[in-house]
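In case you want the letters, here they are:
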Amino acid sequence: MSGDAVATPPASGGPSPAPSEPLLSVVMPTHDVRPWLPQALESVLRQDVDGMEVIVVDDHSTDGTPELVADVAARDGRVRLIRAESAGGGSARNRGVEEARGRYLVFCDGDDLVPDGAYRALLDSLERSGSDLAVGDYLKFRAVHTWRPTDAMPAFDRAAQGIAVRDEPTLLFSRPCWNRAFRRSFWDRAGIAFPDVPRSNDIVPMVTAYLAAERIDVLPDVVYVYRERPGDGSMSARATAAASLLSYLGQETACAAAVAATGDPGLSRAYGALVWDRDGYVHVARHVLTRRRAQGDDAAIAAAVRGLLAQTTEPESGLGGERVHPLRRLAMVLAAGGELAASGTVVRLLEVDPSAEVRGDDAIDDWTLLLDRLSDSSLVRDDARELLAERFARQATAPHSAAAAVRWRALMRAARRVLGERALMFSPEARASVPGDAQRARRRGALEARVESVSGGEVLVLRGTIAADDVSGRWRPVLFDGLRAAEGAPVIEAAEVEWTAAGDGRLAWSARFPAGALPMHRPLRPAVAAPGTGEVLAMGGPAAPPAYEPRDRFLYDRIDGVLVVRRRRHWAPRALRRAAIVALRRLRPPR
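All of the points below concern the structure found in this document. (Residues numbered from 1 in each chain as written. Predicted model: local features only at pLDDT ≥ 70, side-chain atom pairs only at ≥ 80, totals over all residues. Heavy atoms only, no water.)

Before going further, it helps to examine the overall build of the chain. Looking only at helices and strands, the chain has 18 helices and 19 strands in total. A buried classification covers 49% of the 591 residues belonging to the chain. Of the contacts made within the chain by residues no fewer than 6 positions apart, 73% connect residues no fewer than 24 positions apart. Within the structure as shown, the chain displays about 26,200 Å² of accessible surface, and the carbon and sulfur contribution to it stands at 51%. (Helix = DSSP H or I, 4+ residues; strand = E, 2+ residues; numbered from the N terminus. Buried < 20%, exposed > 50% of the residue type's maximum accessible area, 1.4 Å probe, protein only. Contact = heavy atoms within 4.5 Å. Areas by Shrake-Rupley, 256 points an atom, 1.4 Å probe, with all protein chains shown as cover.)

Pasting the structure below:
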């Protein structure tokens, strides 16, 4: 479809008439959506529902949206234009409900799409079941991507009729107003209304509906396609970032209080997961991730997060048995304590691609702040401490300038104190004396020790090169086990080392490590060690680790030029274990 044309099906050779007693009322709030509105209206008017009215409530558009609607309404009597008196998406929807005359009620935003047959499917289900509302599946899309948010909501794994929300608590994970149809008598009886708030104006009314409904239908049909458009032009995105977050937190706290008032442990558990590990975390993370300096709203945001967490119980485990991610929990707790900058550091460590992690002074500043906040605090639990230590260890391996290296050395001491030995598992030099840093850096540069290739079956074989200056008598390739450093035995010697001339003043070496002599599931970094002094210097790794082989005795990773090797069990026990897992899954009864 091109331009502003809206295709409407003819009725008796003329414009579609307005129904005298509509079966279905569609409420469509609009605000500056003229580019997308023709498609939205067409998708609604194509629905195969006899007796449908479409009530468009325009919220002070300035782009010609109301004029477009008026033109469509002149050609199709099912469409009515109402100009909102009060600003806000909540008021627009409420005004539309006041005007609606249908037995059933649905909502549609003016920039989205309704698949053919969607409303028919929802109404047929309600007519058969007599339920209060019917909820369908939905998709989201942007210019280059389409996805199904309900993939992570078990309630949508199968169809159901006449259930209550306590039967499928993860229905609480889906709270938009547009992928469902309501029996109008139920809507009025439950006293549902949309608040006028800058953000998240549908989560309280939808939770209210879930808790009030005696019978709910869940449909496998995709009944809505949500357009995620960039920028801040939508009605739900007109507030500032802080105002939006505060609006969401206030609405979420009201929902949490309503769920807690039911006294239902299953609902409380699901809602805890929603706040700590899903929507609540996502909203807080989005704010602290982009916040780089203190702001005037920080205290209000921290208080709002505290209020929300106080209304929920942190779930011991998720609905699939998994625990809330330790770093998500830590980010929420830090935000509630007013440490929004430290919370942002945790979010960056968790959500940002490690290959794109902040480097240089920004990374040092982030870690300095976070370690300072955690140094004398019980906020960080053992599971989070272990994850933070691993991320610190990865980032500490990145190349640094001479000035940054000095600051990283101070950070390593703080990380060792706060996070434990694991924070230094890839950094053998970190355990040496501080005054020797400059000399070690010069020696490492002069040696240019590198791993060039790796192979491994029953024996792990590393091959590489090193400067030939008396090296064969003073340095030898080893594996550094950083997790054993606290026990005083971090170096694993090779069973055999062969040396050959490589030209250009370098020696080639080949080191063999029998698999049975290596610890299981431990990160091992190739390094060189000096006899007699105990000095250990890390080696760079190959450009890429070896290709994955299912039967290989080793797993390989490359972290900022660092080759890491992990030994695993023999392939035969692993294959048997995998076969047992598959067999058990097949024996489980279907849900």
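After presenting the structure, the write-up continues.
As enumerated under the stated definition, the model contains 10 aromatic pairs in all. When the ring of Trp178 is compared with that of Tyr224, the centres are 4.5 Å apart and the planes differ by 15°; the resulting orientation is stacked. Of this pair, Trp178 sits in the loop between β7 (160–163) and β8 (180–183) while Tyr224 sits in strand β9 (residues 216–227); the two residues are 46 residues apart in sequence, bridging distant segments of the chain. For Trp178, a relative accessible area of 7% gives the class buried. Members of the aromatic cluster, joined through ring pairs, are Phe107, Phe182, Trp187 and Phe194. Here Arg93 stacks its cationic end above the ring of Phe194, 5.3 Å away from the centre of that ring. In this structure, Lys140 is placed above the aromatic ring of Tyr226, and the distance from its NZ or CZ to the ring centre is 5.0 Å. (Phe/Tyr/Trp six-rings, centres within 6.5 Å; stacked < 30°, edge-to-face > 60°. Lys NZ or Arg CZ within 6 Å of the ring centre and 35° of its normal.)

Another aspect to go through is the packing of helix α10 (residues 298–310) against helix α11 (residues 326–336). Interaxial distance between α10 and α11 falls to 7 Å at its minimum, and their mutual angle equals 125°. Classified by the angle between their axes, α10 and α11 sit oblique to one another. Taken together, the residues of α11 that come into contact with α10 (itself represented by Ala302, Val305, Arg306 and Leu309) are Met332, Ala335 and Ala336. Its residues placed into classes, the contact of α10 with α11 shows 6 nonpolar, no polar and 1 charged. (Axes fitted to C-alpha atoms, helices over the stretch in contact; angles between N-to-C directions. Parallel < 35°, antiparallel > 145°, perpendicular 65-115°, else oblique. Nonpolar A, V, L, I, M, F, W, Y, C, P; charged D, E, K, R; others polar.)

With that out of the way, let us pick up the pattern of salt bridges. This structure, assessed with the given rule, holds 32 salt bridges. Close ionic contact of Arg148 with Asp137 constitutes a salt bridge, the shortest N to O distance being 2.7 Å. Highlighted residues: Arg148 in the loop between β6 (145–147) and β7 and Asp137 in strand β5 (residues 133–142), separated in sequence by 11 residues. Take Arg148: its relative accessible area is 25%, and that puts it in the partly exposed class. For Asp137, a relative accessible area of 4% translates into the label buried. (Salt bridge = Lys/Arg side-chain N within 4 Å of Asp/Glu carboxyl O.)

As paired strands, strand β14 (residues 496–503) and strand β15 (residues 506–514) are joined by 7 bridges and run antiparallel to one another. The residue of β15 that forms the bridge with Thr500 is Ala508. Here β14 folds back onto β15, and the loop between the two strands holds 2 residues, one of which, Asp504, carries a positive phi near 55°. (Pairing = 2+ DSSP bridges.)

Moving on: the state of the cysteines. What the rule picks out here adds up to 0 disulfides. Cys177 takes part in no disulfide bond, and the closest cysteine sulfur, belonging to Cys108, lies 9.5 Å away. On the basis of relative accessibility, which here comes to 0%, the residue Cys177 falls in the buried class. (Disulfide = S-S within 2.5 Å.)

The next thing to look at is the sheet that holds β15. Reading across from one edge, β10-β11-β15-β14 is the order of the 4 strands in this open sheet, with antiparallel pairing throughout. Each having just a single partner strand, β10 (450–456) and β14 make up the two edges of the open sheet. Within this sheet the neighbouring strands show an average axis-to-axis angle of 20°, counted without direction. With 6 bridges joining them, β10 and strand β11 (residues 459–467) adopt antiparallel strand pairing. What sits directly across from Val451, in β11, is Gly464.

In terms of residue burial, strand β16 (residues 525–529) counts as a mostly covered element, since 5 of its 5 residues are buried. Burial along β16 is two-sided: Arg525, Ala527 and Ala529 facing one way and Pro526 and Val528 facing the other are all buried. As paired strands, strand β12 (residues 476–480) and β16 are joined by 5 bridges and run antiparallel to one another. The partner of Val478 across the bridge, within β16, is Ala527. Bridge count for β16 against strand β17 (residues 536–538) is 3 bridges, and the pairing is antiparallel. Bridge assignment links Ala527 to a residue of β17, and that residue is Ala538. With antiparallel pairing between neighbouring strands as the criterion, β16 and β17 make up a hairpin whose turn holds 6 residues, including Gly532 at a positive phi of roughly 85°.

By secondary structure assignment, the location of Ala212 is in helix α6 (residues 203–212). Among the residues examined, Ala212 registers a relative accessible area of 36% and is labelled partly exposed. Sequence separation of Ala212 and Gly191 is 21 residues, and the distance between their C-alpha atoms is 9.6 Å. Apart from residues no more than four positions distant in its own chain, Ala212 is found in contact with Phe186 and Ala190.

A separate point is helix α7 (residues 241–262). The end-to-end C-alpha distance of α7 is 32 Å, a good match for the 32 Å that 22 residues give at a rise of 1.5 Å each. Among the residues making up α7, those that are buried are Ala242, Ser244, Leu245, Ser247, Tyr248, Leu249, Gln251, Glu252, Thr253, Cys255, Ala256 and Val259. Those residues of α7 that are buried lie in contact with α6, α8 (265–277), α9 (279–290) and α10. (Expected span 1.5 Å × (residues − 1).)

Ordered by their spatial adjacency, 4 strands build an open sheet running β13-β12-β16-β17, and the pairing between neighbours is antiparallel. Each edge of the open sheet is held by one strand with a lone partner, namely β13 (491–493) and β17. Averaged over all adjacent pairs, the angle separating strand axes in this sheet is 45°, with direction ignored.

As a further point, take the nonpolar core. Generally speaking, nonpolar side chains in soluble globular proteins are found buried as a group. Membership of the largest hydrophobic core comes to 132 residues, with the highest contact counts inside it found for Tyr119, Trp367, Leu388, Phe392 and Leu419. Ignoring any residue separated from it by four or fewer positions in sequence, one finds Leu388 in contact with Leu327, Leu330, Leu349, Trp367, Leu370, Leu374, Val380 and Leu419. Ranked by size, the runner-up nonpolar core spans 26 residues in total, among them Val451, Leu507, Trp509 and Val528. (Core = buried A, V, L, I, M, F, W, Y, C linked by side-chain atoms within 4.5 Å.)

In this model, α9 (12 residues) spans 17 Å end to end at C-alpha, consistent with the 16 Å of a helix rising 1.5 Å per residue. Buried within α9 we find Gly280, Tyr281, His283, Val284, Ala285, His287 and Val288. Where α9 is buried, its residues meet α7, α8, α10, α11 and α12 (340–351).

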